[in-house]
Amino acid sequence: MTDLKRHHALSLLWSLGNLIKNNFAFVLFLFVFRGKSDSTWIFYARLIFYIGISLGLVSIVWKWFATRYSADEKAIHIYTGAFSRTRRTIPYTKVQNVSRRTSFFHRLFGVTSIRFETGIKDGDASFQLQVVSIAEAEQLEKQVTRHLSEVQAQAGEELPDDEASRNELSRDQELIGTQDQAGGNSMEIEKSSEVGSRVSSEANNTVDDKDTGKLLKGTTPVPDQRVVHYRSTRRDVLKASFTSLSFLVLIPILGSLYSTVKDFFPDETVTESLVLSWLDSWWVTGLIILILILLSIGLGIARTFIKYGDFQITSDDKRIYITKGMLEKTSFSIQKDRVQAVKITQSPMKRMLRLAEVELTTAGSLGESGQEMNSLYPFLPVNEAYRIIEEILPSYHVTEEMHKLPRVALWLRLLRPSWFWVIATGVLAYFQPVLVGLEQAWWILSLLLLLWIVTSRLINFHHTRYVLNDQFIQFRSGALTSTLFISKREKVIEIKITRHPLQRKLGLASIHTVNRAKPVMHHHVHDIPDDVAGTFQMWYMGRSNEVHTR
C-alpha cells in the first residue's frame, strides 16, 4: 500500500454530519425558536450562519481533495495542501497505541475509523482516518505491529547475550543528590532524559511490492494468536449498571421534562395543581413511583449494556487489546513495553461489592478519550483484576500483603491543621447563615465539616499501605476512593524523599515518584518510617543494574 490515496469518500458524509451536529443549536435558535422573527439582528445572524455553513462545506471538500496519505513498510506519510504541499511522516517505531472506533454510522456502511498515537509532544502527535474500510484498518494495524516486532527482534540480535537479557535499554543518566527542602532534608534522584526502550537501527530487509501484507524477507513470522483474558457476561453488565449508579440518569431527564411541561402553561399553579391531582390517590402515587423505578433501572441497564456490552480483553506477546460497546464498537491496543504503571481504583460502592477498575499508565498519549482508553473493564472483581494484570503483564506482580503506617503517623495526620476548615469556619462565622430556623447553625456546620475532615483522615490512614518487593514498588492511599499504584523500578524516572521538621522529630518521611506519562504522573505516600525511606533510596539506586546507557 505505497500509492498515494485520498481519504474514504464517506469521510465527506462524516464531516458533513459533524458540521450539522455542531451547528444544530444555531439552527434551532434561528429557524425554530426565532423562525417568525423579523428582527434586524436575527436577519444578519442568519446571513452570517449561511456564510459560515458555506465556508464549512467548501472546507470539507477542500481538505478531502488536498489531503492524501500512503503507508509503506516503515512509516505512514501524510501529504496536505494543493499548491504548497506539506509532507508529514510517522515512523511505525513511534506509534505507541492504536485505537479503532466503529460508531453506528460506520456500522451502517461497513467501515470503521482508526487512530495512531505517538509520543510526539506537538500537534502532530496522532494520525486518524475518520472513515476507512475494515480490511485496510486491519492491514495498517498488522503492518505497524509486524514492523515493531521485526525491529525489536533485530535489536535483540545485535546486543550481546548478557545485555539482551536486560529488561530495558535507554539513554538515561541518573543524577543522585541531596537537597534541603521545607526546613528538612530531602533527597531527589532525577534523570536527564526519559526512560524508554530504544532500538539502534531499523530493518533493512526488502518487501514484496506485489503483496504488502506478506512478511519481510528473512524474518521470522509473528504469530497472530491472542489470548482471551476476560469477556463480560450479562451478570457483569447488570452488576456494573448498579455499581455505576447509571440508573440515576432518569432524574435529570424528569427535571428537564417537568421544566418543558411548565412552559406550556402560563400560570405555574396550573402545573402544580396537575401534579398534586396525580398524587391525590395513594395507589396512583405508588404506581407512578414503581413505574419510575422500573424505568430508571431499565434505562441504567440499557445505557451500561450499550457502553460496556461485549467487553473483551485479549493480548499477544507484544500488545494488549481491548474491545467494548454494542451499538458503537471501540477497540484499541497498547504496547506492553509502553506500560509504565498500573492503578487499581475502588470507590466505596466497589469496595462493598469487591470490584475494582484497572488503569494502565502508558508512556504516550491515548488521544481525546485517554481516561477511558487506558482503562480495563471498570467493574472487575478484585481477584479477577489481580489475575488479569499478571496474565497480560507477566513482568508485573500484585502483592496483597502490604505494610501499614505506624501509629504515630495517625496522630501526626490528626494534629495537622486543616486550612480549608479554618477558612470555611471564618466564612460561616461572618455570614452566619440560618438553616431550618436555627440562628446559630454556622457552628453546627463547622463541627460537621471538622468531623468529616477527621473521618476522612482516619479512613485515609487505614487505607494507606506500602511495600517494596524486589523490582516493584506498590502504594495504596485515598479516603473515600482508594488507589493502588504498582510500578517497576526501571519505569520510575525520578524519586524524591522529603521530611518536614515535625516528621523528622517523629522519625517519619514522605516519598514521591514520577513516571513517564502524558501528562507526567506523580505519586506519593506520606508519613512512612524514616528507615523505610532509606531502604527506598537504596532500592532505587539498584535501578542502575537494570537500565544501561548505550
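Placed above this text is the structure.
Given the structure is predicted, the values throughout are model-derived calculations rather than measurements. Along each chain, the written sequence defines residue order, and numbers are assigned to residues from 1. Predicted model: local features are reported for residues with pLDDT of at least 70 only, side-chain atom pairs are reported and counted for 80 or more only, and whole-chain, interface and lining totals are derived from all residues. Side-chain descriptors were evaluated using all non-hydrogen atoms of the structure, hydrogens and water having been removed beforehand.

> Tell me what's going on with unusual backbone geometry, and back it up with residues and numbers.
Although it is not a glycine, Q432 sits at a positive phi angle of roughly 45°. Strands here mean DSSP runs of E at least two residues long; helices mean DSSP runs of H or I at least four residues long; both are numbered from the N terminus. Positionally, Q432 belongs in the loop between α15 (419-431) and α16 (441-463). Look at D470: it is not a glycine, yet its phi comes out positive at around 55°. Mapped onto the elements of the fold, D470 is located in the loop between β19 (465-469) and β20 (472-477).

> Go over helix α13 (residues 382-392), please, and point to the residues and values.
Relative accessibility decides the category of a residue: with a 1.4 Å probe and only protein chains considered, values under 20% of the type maximum give buried, values over 50% give exposed, and everything between is partly exposed. Listing the buried residues of α13 in full gives V382, A385, Y386, I388, I389 and I392. Along the axis of α13, the buried positions cluster into a sector of 165°, meaning they face one direction only. Summarising the geometry, the arc corresponds to the directions from the helix axis toward the C-beta atoms.

> Just give me the short version of the nonpolar core, but keep the residues and values in it.
The tendency in soluble globular proteins is for nonpolar side chains to be buried as a group. Ranked by internal contacts, the top residues of the largest apolar core, which has 35 residues, are V342, I344, V358, L376 and Y377. Within the residue set of this core, elements represented by two or more residues are α7 (234-243), β13 (319-324), β14 (329-335), β15 (339-346), β16 (355-362), α13 and β21 (482-488). The element contributing the most residues to this core is α13, with six residues. We call two residues in contact whenever any of their non-hydrogen atoms come within 4.5 Å of each other. Setting aside anything within four residues of it in sequence, one finds V342 in contact with V358, E359, L360, I389, L393, Y396, L484, F485 and I486. The criterion is simple. A nonpolar core is a set of buried Ala, Val, Leu, Ile, Met, Phe, Trp, Tyr and Cys residues joined through side-chain atoms within 4.5 Å. Of all hydrophobic cores here, the second largest spans 25 residues; its members include I497, I511, V525 and F536.

> For a nonpolar patch on the surface, give the residues involved together with the corresponding values.
Only residues whose relative accessible area exceeds 30% and that form no salt bridge enter a patch; like-charged residues are grouped when within 9 Å of one another, and nonpolar side chains (Val, Leu, Ile, Met, Phe, Trp, Tyr) when within 5 Å. Shrake-Rupley sampling with a 1.4 Å probe provides the accessible areas, and residues are treated as covered by the protein chains on show and by no other component. Each reported salt bridge corresponds to a side-chain nitrogen of Lys or Arg within 4 Å of a carboxyl oxygen of Asp or Glu. Together, L435, V436, L438, W443, I444, L445, L447, L448, L450, L451, V454 and L458 make up a nonpolar patch on the protein surface, roughly 1000 Å² of accessible area in all. With respect to the element layout, L435 can be found in the loop between α15 and α16.

> Could you give an account of the pattern of salt bridges, with specific residues and numbers?
Pairs may arise between side chains of opposite charge once their charged atoms sit close together. Considering all chains together, one arrives at 13 salt bridges under this definition. The salt bridge involving E136 is made with K5; its shortest N-O contact spans 3.5 Å. Placement of the pair is E136 in helix α5 (residues 134-158) and K5 in strand β1 (residues 5-6), with a sequence separation of 131 residues. Here E136 falls in the buried class, since its relative accessible area comes to 11%. Classification of K5 by relative accessible area gives partly exposed; the value is 29%. The partner of E359 in a salt bridge is K343, with the nearest N and O atoms 4.0 Å apart. With E359 in strand β16 and K343 in strand β15, the pair connects residues that are 16 residues apart, well separated along the chain. Overall, K343 belongs to the partly exposed group, its relative accessible area being 22%. Bridged by salt links that share partners, the residues E384, R387 and E391 form one connected network.

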